[in-house]
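If you want the building blocks of each chain, they are given just below.
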Amino acid sequence: MPQMTIKISKMSCQHCANRVIKALEGISGVKDVRVDLKAGTATFERSEGVKMEEIARAIKEAGYQVVS
């Protein structure tokens, strides 16, 4: 599985990190999610079938936004 790192805005505390982790782990094909609050990033592994749109939607539904 390829590893991916994305930038996420509006995360400010461990509660935010936990929400993002839960949102990403809820996507079938995403695993090993780690959030770096200081950098404002999430790093994870995803299978080939998981589309970026699905990841961005899950993060948005958790209350945050993927930064391009």
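One can find the structure itself at the top, above this paragraph.
Description of the structure in this document. (Residues numbered from 1 in each chain as written. Predicted model: local features only at pLDDT ≥ 70, side-chain atom pairs only at ≥ 80, totals over all residues. Heavy atoms only, no water.)

1. A few points about the sheet that holds strand β3 (residues 41-46)
And step 1. Taken in spatial order, the four strands line up as β2-β3-β1-β4 in an open sheet, and their pairing is antiparallel. The open sheet terminates on both sides in strands that have one partner only, identified here as β2 (30-36) and β4 (65-67). Looking at each pair of strands side by side, their axes are set apart by 40° on average, direction ignored.
And step 2. Inspection of the sheet shows strand β1 (residues 3-9) paired to β4 by three bridges, in the antiparallel sense. Bridge pairing in β4 places K7 opposite V67.
And step 3. In the packing of helix α1 (residues 14-25) onto the sheet, contacts are made with β1, β2 and β3, and the angle to β2 comes to roughly 165°.
And step 4. Packing of helix α2 (residues 52-61) onto the sheet brings it into contact with β1, β3 and β4, and relative to β1 it is tilted by some 40°. (Pairing = 2+ DSSP bridges. Helix = DSSP H or I, 4+ residues; strand = E, 2+ residues; numbered from the N terminus. Axes fitted to C-alpha atoms, helices over the stretch in contact; angles between N-to-C directions. Contact = heavy atoms within 4.5 Å.)

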